[in-house]
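The chain contents come next:
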Amino acid sequence: MRIIHLLLIFCIMPALADAKEYFQQSLHYTIDVRLDDIKHELHGFETIRYKNNSPDALPFIYFHLWPNAYRETNTALGKQLTESGKLDFHFSKPKDRGYIDSLNFMVDGQSVKMEADPKHIDICKLILNKPLQPGEEITITTPFHVKIPSAKFSRLGHIDQSYQISQWYPKPAVYDNNGWNQIPYLNQGEFYSEYGTFDVTITLPKNYVVGATGDLVNGEKETEWLNEKVKATEEKNGNFTTSDLKFPASDAEMKSLHYHQENVHDFAWFADKRFHVLKGEVTLPHSKRKVTTWTMFTNAEANLWSKSIEYMNDAIYYYSLWNGDYPYNHATAVDGTLSAGAGMEYPNVTVIGTSGSAFMLEVVIVHEVGHNWFYGILGSNERTHPWMDEGLNSFNELRYVRNKYPDRKLAGSSAENGPGKIFDFAHLKQKAQYELSYLVNARRGLDQPMELPAHEFTELNYGGIVYSKSALVFDYLRAFLGNDTFDKAMQRYFEEWKFKHPAPADLRRSIEESTGKKLDWFFDDMINTTKKVDYKICHVNKTKGYPEVTIKNKGGISGPVQVNGIIDGKMRTSVWYDLSKVEGKKAVVGIPAGDYDRIVIDHPGEIPEISRKNNTYKMKGLFKKTEPLRLQFLGAVENPDRTQLFFAPIGGWNYYDKGMAGIAVYNHFFPERKFQYTFAPMYGFGSKTLTGFASVSQTFYPKTFFRNIRIGVSGRRFSTAAFPDAGISSGTYFKIDPEITFELRKKRMRSSFTQEITLREVMVDEHYKLLPDAIMNGQDQYIRIGQVTYSAKNKRKLNPYGFSITAENSQTSGSEYTKLMASASYYISYRGKKNKGLDIRVFGGKMFSEPADSRFMFGFGYPSSGMFDYTYDHLYLGRYETSGFLSQQVVQKDAGFIHQTNASFRNTSIAALNVNAAVPVKLPVSVYANTGMANNVNDVIFETGASFSIIKNICEVYFPIYQTHPATGLSYAEKIRFTLNIHLANPFDLARDFNM
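(A) Just the sheet that holds strand 25 (residues 535-541), in detail. One open sheet holds the three strands; their spatial order is 25-26-29, and the pairing between them is antiparallel. Bordering the open sheet on either side are strand 25 and strand 29 (586-590), each of which pairs with just one other strand. Pairwise comparison of adjacent strand axes, ignoring direction, gives a mean angle of 25° for this sheet. The pairing of strand 26 (residues 548-553) with strand 29 spans five bridges and is classified as antiparallel. Note on strand 29: the bridge partner recorded for I551 is A587.

(B) Structural context of the packing of aromatic side chains. If you walk through the whole model with that rule in mind, you get 68 aromatic pairs. Geometrically, the ring pair formed by W521 and F522 is edge-to-face, given 5.5 Å between the ring centres and 80° between the ring planes. The class for W521 is buried, based on a relative accessible area of 3%. Assessed through its relative accessible area of 0%, F522 is described here as buried. An aromatic cluster is defined as three or more aromatic residues linked by ring pairs; in this entry it consists of W387, F395, F474, Y476, F480, F486, W521, F522, F523 and W576. Positioned above the aromatic ring of F247 is the side chain of R274, whose terminal nitrogen or guanidinium carbon lies 3.8 Å from the ring centre. Over the face of the ring belonging to W497 we find K500, whose NZ or CZ atom lies 5.7 Å from the ring centre.

(C) Highlighting the nonpolar core. With 169 residues, the main nonpolar core has Y50, I140, W168, F267, W269, F474 and F522 as its most contacted residues. It is helix 10 (residues 459-481) that provides the largest number of residues to this core, a total of 11 residues. In contact with F474, other than residues within four places in its own chain, are W387, L392, F395, F486, L507 and F522. Of all hydrophobic cores here, the second largest spans 38 residues; its members include A648, I783, F843 and F856.

(D) Here's a closer look at the packing of helix 7 (residues 390-404) against helix 10. Helix 10 packs onto helix 7 with a crossing angle of 65° between their chain directions and a minimal axis gap of 7 Å. Seen along the crossing, helix 7 lies across helix 10 with a hand that is right-handed. Contacts between helix 7 and helix 10 involve E390, G391, L392, S394, F395, L398, R399 and R402 from the first element and V466, Y467, S470, A471, F474, D475 and R478 from the second.

(E) Geometry of the pattern of salt bridges. One pass over the full model with this rule turns up 48 salt bridges. For D520, the salt bridge goes to K518, with nearest N and O atoms at 3.6 Å. Owing to a relative accessible area of 61%, K518 belongs among the exposed residues under this scheme. Counted as one network, the salt bridges with shared partners bring together R402, K431, D475, R478 and E606.

(F) Structural detail: the environment of H767. Structurally, H767 is set in strand 39 (residues 753-770). Remark: the alpha-carbon pair of H767 and G731, spanning 36 residues in sequence, is separated by 5.6 Å.

(G) Highlighting helix 10. Taking 1.5 Å of rise per residue, the 23 residues of helix 10 would be expected to cover 33 Å, and the 32 Å separating its terminal C-alpha atoms lies within 8% of that figure. Largest kink in helix 10: about 35°, centred on K469. Along helix 10, 19 of the 23 residues are buried, which leaves the element largely enclosed by surrounding structure. In the segment just after helix 10, G482 is the residue with positive phi, at about 95°.

(H) Up close: the packing of helix 4 (residues 308-323) against helix 5 (residues 358-370). Helix 5 packs onto helix 4 with a crossing angle of 40° between their chain directions and a minimal axis gap of 9 Å. Relative to helix 5, the element helix 4 lies oblique. The two elements helix 4 and helix 5 cross, and the hand of that crossing is right-handed. Contacts between helix 4 and helix 5 involve S308, Y311, M312, A315, I316 and Y319 from the former and A358, L361, E362, I365, V366, H367, V369 and G370 from the latter.

(I) Expanded view of unusual backbone geometry. Cis rather than trans, the peptide bond between F670 and P671 has omega equal to -5°. Inspection of the secondary structure assignment puts P671 in the loop between strand 34 (658-666) and strand 35 (675-684). Backbone geometry places H40, a non-glycine residue, at a positive phi of 60°. Looking at the element boundaries, H40 is found in the loop between strand 1 (26-36) and strand 2 (41-51). Its identity is not glycine, yet K288 carries a phi of approximately 65°, on the positive side.

Rules of the game
- Residues numbered from 1 in each chain as written.
- Predicted model: local features only at pLDDT ≥ 70, side-chain atom pairs only at ≥ 80, totals over all residues.
- Heavy atoms only, no water.
- Pairing = 2+ DSSP bridges.
- Helix = DSSP H or I, 4+ residues; strand = E, 2+ residues; numbered from the N terminus.
- Axes fitted to C-alpha atoms, helices over the stretch in contact; angles between N-to-C directions.
- Phe/Tyr/Trp six-rings, centres within 6.5 Å; stacked < 30°, edge-to-face > 60°.
- Buried < 20%, exposed > 50% of the residue type's maximum accessible area, 1.4 Å probe, protein only.
- Lys NZ or Arg CZ within 6 Å of the ring centre and 35° of its normal.
- Core = buried A, V, L, I, M, F, W, Y, C linked by side-chain atoms within 4.5 Å.
- Contact = heavy atoms within 4.5 Å.
- Left-handed = near helix turned anticlockwise from the far one by under 90°.
- Salt bridge = Lys/Arg side-chain N within 4 Å of Asp/Glu carboxyl O.
- Expected span 1.5 Å × (residues − 1).
- Bend = angle between axes of the 7 residues up to and from the residue.
- Parallel < 35°, antiparallel > 145°, perpendicular 65-115°, else oblique.

So this is what it looks like as structure tokens:
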């Protein structure tokens, strides 16, 4: 036995050595800072008492110098903004950027070496003269100077003399059990800072109103002045001059405000001479202690802020009720210039951007005040676990709105009239904003796990997963556990971890120990994976005297499910079953007997299901699993209680059909469905024949090399030209286009680089009606083309590029061939000019046999580009016209030439270069040059001209300047060309159209 004991000790000793006990460092800040509101600068001096509570000797200390994130456009902040498509900072001028300098760090009065981080200029390392031993304390001092950047980039900044001063002083990084947490400043991805005590003195002109972290130490005079402001604001009774946003002159006299706060990990302040002020008080639900609340706002949305104290008080009350009492003496919300979201939180104080409505202002105030709990008091590492901050806070925000406004609809008062009625918003409760935000990517397999570092999320997922899915899954857990049990668990978490740095395991431990439940399905699957919840009612059996419900788990998570009995539209029975304890994909559960109209899974909508279309079983009538049909004009958000069929009138025009009118019928609008169809028949009044288009597709999301596989077929039918000289009275084409597209999975979701492989077959029946004296033998020509295309695109906002290669084979009778085509494009963005740049494209093509029909071959500047669109991929107003205005429509394909030439159109090999340079003026004008060569053309072909963009990439007009091989017999007006790029592949697929 003794030997066994020794072996056990030797086995567990390494694990015990690695498992350090929890610790956190102690800091005390003293900062004196002066605002220069002429130069927009801060001049400060900082003293930090730093105590090492870790078990390790520290030879150095990392510091954050976050204002340096604004110094250059290639900082981590600049790169992230550019990657997100926000180019204001990239194109900014030096005068609008910011930085921190004039640093001279000393430790206990002795100079120390400061090393710049080799990668991030907003991080540095203080090399201590001797290691800081466990339990020892040092005093660090430094002067500093901050040039305040423009507030249009991120959180720190100013707009004229309105200041938002955040992440502004040198700050030590957190040292914890994981070591140093030195992190660059980012716009998406917030902060991790050490708790401490702050004594901050701010000196600025006397007439500035300041909202800040901490209690005013020398506040009697300032508080008296603020109370006068409150009285003047209340006397306005909501009547503000919202157009008056002028800044008054700064007072020549200065004032110094001393703020003190303990147990906070940051200090921020906001100053504006235009602020109106309101003041209130709220009694906390548990301790009955009173908290003072302040709001400060400009004229911009002053009328919306008239009830802002109510919003502050209610937020503090309910967050305290559910989680634990607010521990500080005051809370403040200020109206400020803001670029990083609708609001931004700091201890005791939050800044709110433009809201647009009183309700949105309330929601944003509630959310940002709520961050005093989830970020302020419970200081989790937001950079690595953002759901612990934004997610838990969004859940409380959701709960607040539902508690205070239980009947509120997503569209508010307009839900049942106007646009709300047209788009069927009446069934959407306020919670739908979280559900739709989550589903927009989850339905398309583009979602990410909740447990990821903040900077790894795509911008859409940062909202849809970190905020919305997190709110939904915690609402799911609350509903399953019950309010009382859930609240006790969260209050235990609060008491155990307030003013500390909890990790996901700590939250899990608090909840599981409090509830006595093992919650693997929640913490392992809901949070750490992209597995979906999807329950289906298969059958309901009543032979036992009570409904016996067979439920199938179609999703990847086996969690709790509630089954409800519905009578006359009202829920009469609700029973929860924990399916995590059930083996297999099916379970049979019973609910109390009743004369139910329907049995429904999750009637209250508390489970974040990927689809609710299979949640209902009707106890009477036919089609027990099918909801009533609803014909809906134009479109609507998905309604699980209806089988929706959308319709919309459509119309069109071309030279042969003349005016066309019809109706489009489709099953998809928002969010995306795996199976989608569109049928859009029309009648051509000129051709007196049926025209139109249709498409059907099914998308699969395999967990493989491919992100998705989309199988579809589309078709269209329109009229074409009459050729009386050839004995043709009229013509039509009917096209069928089956296609399979494989989108390759990205290594990194935030990457804008996409790759696709497309297998496609184009089948076209060109049908002609012959005149009685026609000399033609046949009436129809069949075109059959097979294509395989690999394409890659980097859709980044700055310097996007793409390339593709297509192998094409024709089985068209008499024109069999094989063709290989490749193209590449690169867009060079002009420095300092948004949406202006140089577009470069190269193209090469080779045919391995020569077809009889010249339209399948390569050429330059066709007489009618529609004639050479043999796959009928593009829409032409006059497809076969060779003269007149309609013949001047062009689609840039193959060699990319715009204007008609006299060069040969029977080339089996071709190469071309296309350059389009935007003129750096406000008008949408460009100059272009195209050059190329081919096997049957002896010279280099060249053209140049100027273009005017009516609608970029859709409708543009091209004016030639010079051509080496111009077509003869054309006037200058006849040489002008235009584009009209309209695609009918799936016009009602909004998510794809907007590249969401």
